[in-house]
Amino acid sequence: MACVPDASPLIVLSKIERVELLPRLFGKVMVTPWVWDEAVTKGKAMGAADASYVDWSAKEFGFATVRLTPTEKGLAERLMAEGRIHWGEAGILSVAKQRKAIAILDEKEARTIAVGLGVAHIGTVGVVYEAFLHKLVSYDELIEFLEKVSKVAWVSPDLVARIIRQAGEVGK
């Protein structure tokens, strides 16, 4: 199943240098123009090293830049009018819904809307945990990644504790 990441997960995964987990877990990575603008174009303009890493990763792993179809654009406009989300999240949700992809989102409001739309979704921490479940990273790497993610983005301590507990139950 393909994925459509928001800028925040791309930026966080680039800060811990694990953007490659997206194509390894989901195959095709589709990036909307708004996400590219936020994660790469604006990031490079600010001199953010992670923006260059996202750009490199996109080329290295063949990320697809997608344009919204008229149907997707209409759904995105409706989502923006009804919810408290911006173009980036609305575009991600509409592309994920129409193309049956998983949305990679960290913002609570967008995740709530994803549930209402029936769109499969996961957050940045979930990506790292899924990588562990698929044996792409070891238990020790999972713990290291959780520590790194917690240093570059706010992550609920309860979520981190739950992930560590579940990973321990699955087995090191």
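Our structure is the block above this text.
The paragraphs below set out a description of the structure included in this document.

Here is what the cut-offs are and how they apply
- Residues numbered from 1 in each chain as written.
- Predicted model: local features only at pLDDT ≥ 70, side-chain atom pairs only at ≥ 80, totals over all residues.
- Heavy atoms only, no water.
- Buried < 20%, exposed > 50% of the residue type's maximum accessible area, 1.4 Å probe, protein only.
- Helix = DSSP H or I, 4+ residues; strand = E, 2+ residues; numbered from the N terminus.
- Arc of directions from axis to C-beta.
- Contact = heavy atoms within 4.5 Å.
- Phe/Tyr/Trp six-rings, centres within 6.5 Å; stacked < 30°, edge-to-face > 60°.

1. With respect to helix α3 (residues 33–45)
Along α3, the residues that are buried comprise V35, A39, V40 and G43. Projected down its long axis, α3 carries its buried residues within an arc of 80 degrees, all on one side. Residues K42 and A45 are exposed on α3 and point more than 90 degrees away from its buried face. Residues of α3 that are buried make contact with β1 (3–5), α1 (7–15), β2 (30–31), α4 (49–60) and α6 (87–99).

2. What to know about the packing of aromatic side chains
Tallied over the full model, the rule gives five aromatic pairs. With a centroid separation of 4.9 Å and 10 degrees between ring planes, the pair formed by W34 and W87 is classed as stacked. Taken together, the residues W34 in helix α3 and W87 in helix α6 connect sequence positions 53 residues apart. On the accessibility criterion, W34 (30% relative accessible area) is partly exposed. Residue W87 is classed as partly exposed on the basis of its relative accessible area, which comes to 26%.

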